[in-house]
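# Inside the fold
What follows is each chain in one-letter form.
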Amino acid sequence: MRDQILTQAKRIVVKIGSSLIASRASGLRPDQIERLAGEIGALRAGGREVLIVSSGAIVSGIKKLGLKDYPKTLPVKQAAAAVGQSRLMWAYEKAFERLGIQVAQILLTHQDLADRRRFLNARYTLAALIGFGVLPIINENDTVAVDEIRVGDNDTLAGEVAHLVDADLLVILSDVDGLYTEDPRKNPAATLIPVIPEITGNIEHRAGASSTFEGTGGMATKVRAAKKVGEYGVPTLIVNGERAGLLPAVLAGEPGGSLFLARERRLTSRKHWIAFTLRPRGQVHLDQGAVDALAQRGKSLLASGITGVTGHFEAGDPVVCLDPDGKEFAKGLVNFSSDALNRVKGLKTQDIQQQLGPQEYEEVIHRDNLVIL
Ligand SMILES: Nc1ncnc2c1ncn2[C@@H]1O[C@H](COP(=O)(O)OP(=O)(O)O)[C@@H](O)[C@H]1O
Ligand SMILES: N[C@@H](CCC(=O)OP(=O)(O)O)C(=O)O
């Protein structure tokens, strides 16, 4: 199964971490970019479609601005990203131009993904670029991404892009051979985990934070990204990008890296987007009857099953549904604000109008906008 997944993946999102192509000492590492461009060019020549999610703007900008430390304030971090992103794209442009490959820059924030119209627009633009045979190079739009709209790390962004383009495989190139039983930099006795079955159990405890100046997400964000795209039927390969030739070798079926197997796709793109892209604005607490109606009988959520509301949200916002034990078991787009729900929770549908007047919707969350997690 491993060989089939790796050798037959047609559309591949390749995430390139900062530590592979940039360093505190030298800024960008053009030799690494050229080497990786050659390997990716060979994959394309072999018939694969590749999109790159590349880090490295901030580290490159730190060097270019002559900063001594990693920026502590957002404006300086964004200035470094702005200065570094142009250098990063220039290096990719040059490296791929030698191979006769055109590249395109795509900068995204969480806001571009959380708005359905903008999400679909990004999908169509990437599809158009792929159709032209162009190699999209994607990064977070760090220069404008303030906290509430920031994706935060490129492992997460790469997972979102894999969903956006219906990738067959997400490849995360890092500075380690894959997922170890614990951080190998901290415990040399840690061992590599070559295959991680469909991720239902909790393996995040093995994945720690970054331990390098250049890195941001660490292994924790990589495992989380693998888990999210695995829910959409996309497997993830984490492999050491420092080792020349390893990426094409592993994609040809040679041993190496950690492969996270995916579950059979059970969600449409829109439901996956609701479940895994949108950030909930509040919580709706349900009684057991409502939990059974939603989870067992595929019903919409009605006010009568609601026992409590947490947070402030507006109609149309994403919320999570908690069972009587407080466990998140569903997520959806709510048709009523938190204020309105606090007035009608527990009421029969026919009594809602007395409280709120005529309403466009009966359901608090319609089945079509609800995902059982
Ligand atoms: N269980 C683990 N297995 C492998 N690496 C781990 C683990 N836990 C933490 N790490 C750390 O995660 C780092 C890779 O993440 P990061 O530094 O963000 O690199 P990148 O820039 O490629 O994203 C490794 O260098 C390692 O120190
Ligand atoms: N957008 C940032 C990348 C942040 C990030 O996730 O970095 P890394 O953990 O090295 O992949 C940059 O270009 O520096």
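Residues numbered from 1 in each chain as written. Chains lettered and ligands numbered in written order. Predicted model: local features only at pLDDT ≥ 70, side-chain atom pairs only at ≥ 80, totals over all residues. Heavy atoms only, no water.

To continue, consider the domain arrangement of the chain. By a widespread convention, an interface's size corresponds to the accessible area lost as its parts come together. You can read the domains of the chain as domain 1 (2-271) and domain 2 (280-372). Each of domain 1 and domain 2 has a C-alpha centre, and these two points are 37 Å apart. Across the domain 1/domain 2 interface, buried area totals approximately 380 Å², and carbon plus sulfur atoms make up 37% of it. Among the residues domain 1 hides against domain 2, the three largest losses belong to R266, R270 and K271. Together they make up 92% of the total. Viewed at the interface, domain 2 and domain 1 are joined by zero salt bridges. (Domains from an automatic or database assignment. Buried area = accessible area lost by both parts, 1.4 Å probe. Salt bridge = Lys/Arg side-chain N within 4 Å of Asp/Glu carboxyl O.)

A few words on the packing of aromatic side chains. A complete count under the given rule lists two aromatic pairs for this structure. Measuring from centroid to centroid gives 6.3 Å for Y92 and F96, while their planes differ by 20 degrees, and the two rings are stacked. Of this pair, Y92 and F96 both sit in helix α5 (residues 74-97), four residues apart, which is roughly one turn of the helix. Pair check on accessibility: Y92 and F96 agree, each one buried. For the cation-ring pair, R116 lies above W273, with the distance from its terminal atom to the ring centre recorded as 4.8 Å. (Phe/Tyr/Trp six-rings, centres within 6.5 Å; stacked < 30°, edge-to-face > 60°. Helix = DSSP H or I, 4+ residues; strand = E, 2+ residues; numbered from the N terminus. Buried < 20%, exposed > 50% of the residue type's maximum accessible area, 1.4 Å probe, protein only. Lys NZ or Arg CZ within 6 Å of the ring centre and 35° of its normal.)

Bringing the sheet that holds strand β8 (residues 195-196) into the picture now. Spatially, eight strands are ordered β5-β6-β4-β1-β7-β9-β10-β8 in an open sheet, and the strand pairing comes out mixed. Edge positions in the open sheet fall to β5 (103-108) and β8, since each of these has one partner strand only. Examined bridge by bridge, strand β9 (residues 236-240) and strand β10 (residues 258-260) share three bridges and lie antiparallel to one another. Among the inter-strand pairings, L237 is bridged to a residue of β10, identified as L259. (Pairing = 2+ DSSP bridges.)

A few words now on the nonpolar core. With 46 residues, the main nonpolar core has V13, L108, I138, L157, L164, L170 and L179 as its most contacted residues. Elements with a contribution of two residues or more to this core: β4 (49-54), β5, α7 (116-131), α8 (154-164), β7 (169-174), α9 (218-231) and α11 (269-277). Aside from chain neighbours lying at most four places away, what touches L170 is V13, A158, G159, A162, V229, V234, P235, T236 and L237. I52, I101, L251 and L261 belong to the second largest nonpolar core, which has 40 residues in total. (Core = buried A, V, L, I, M, F, W, Y, C linked by side-chain atoms within 4.5 Å. Contact = heavy atoms within 4.5 Å.)

A separate point is the site of ligand 2. Taken together, the neighbourhood of ligand 2 is formed by 16 residues, with K15, S18, S55, D142 and N154 sitting nearest. Here A57 contributes a backbone N or O atom positioned 3.0 Å from an oxygen atom of ligand 2. Between an oxygen atom of ligand 2 and a main-chain N or O atom of I58, the distance comes to 3.0 Å. Secondary structure elements with two or more residues in the shell around ligand 2: α4 (57-64) and β6 (135-140). Within the shell around ligand 2, the residues separate by chemical class into two nonpolar, nine polar and five charged. (Near = heavy atom within 4 Å. Polar contact = N/O pair within 3.5 Å; in protein donor to acceptor, adjacent residues only side chain to side chain. Nonpolar A, V, L, I, M, F, W, Y, C, P; charged D, E, K, R; others polar.)

Within this numbering scheme, the UniProt entry marks residues 282-366 as carrying the feature "domain: PUA" (unreviewed entry). Helix makes up 27% of residues 282-366 and strand makes up 24%, while its end C-alpha atoms are separated by 17 Å. (UniProt positions renumbered as here; feature names shortened; annotations may be inferred.)

What follows deals with the UniProt feature "binding site: ATP" (unreviewed entry) in the chain. Mapped onto this numbering, the UniProt entry annotates "binding site: ATP" (unreviewed entry) at K15, S174, D175, T216, G217, G218, M219, A220, T221 and K222. If you trace the backbone, T216 turns up in the loop between β8 and α9. In contact with T216, not counting residues within four places along its chain, are Y70, G152, D153 and S210. By the element assignment, G218 lies in helix α9. G218 has contacts with D155, G208, A209 and S210, leaving out every residue within four places of it along the chain.

Mean pLDDT for the chain: 94, with 97% of residues reaching 70 or above. For this predicted complex, the interface confidence reaches an ipTM of 0.93, while the overall pTM sits at 0.92. (pLDDT = per-residue confidence, 0-100.)

Taken N-terminus to C-terminus, the directions of α4 and α5 make an angle of 100 degrees; their axes are 6 Å apart at the nearest point. Between α4 and α5, the angle falls in the class roughly perpendicular. Between α4 and α5, the residues in contact are A57, I58, S60, G61, I62 and K64 and K77, A80, A81, V83, G84, Q85, S86, R87 and L88, respectively. Class assignment for the residues of the contact of α4 with α5 results in seven nonpolar, five polar and three charged. (Axes fitted to C-alpha atoms, helices over the stretch in contact; angles between N-to-C directions. Parallel < 35°, antiparallel > 145°, perpendicular 65-115°, else oblique.)

Ordered by their spatial adjacency, five strands build an open sheet running β12-β11-β13-β14-β15, and the pairing between neighbours is mixed. The sheet terminates laterally at β12 (306-310) and β15 (370-372), the two strands that pair on one side only. Neighbouring strand axes in the sheet, compared pairwise and without regard to direction, differ in orientation by 25 degrees on average. Relative to strand β13 (residues 318-322), strand β11 (residues 283-286) is paired through three bridges, and the arrangement is parallel.

A few words now on the pattern of salt bridges. Going through the model one piece at a time under the given rule, you end up with 19 salt bridges. A salt bridge links D142 to R150, with the shortest nitrogen-to-oxygen separation between them at 3.3 Å. R150 carries the same exposure label as D142, and that label is buried. Notably, a salt bridge pairs R266 with E231, separated by 3.3 Å at the nearest N-O pair. Here the residue R266 occupies a position in the loop between β10 and α11, and E231 occupies one in helix α9, the gap between them amounting to 35 residues. Each member of the salt-bridge network shares a partner with another, and the members are K15, D155 and K222.

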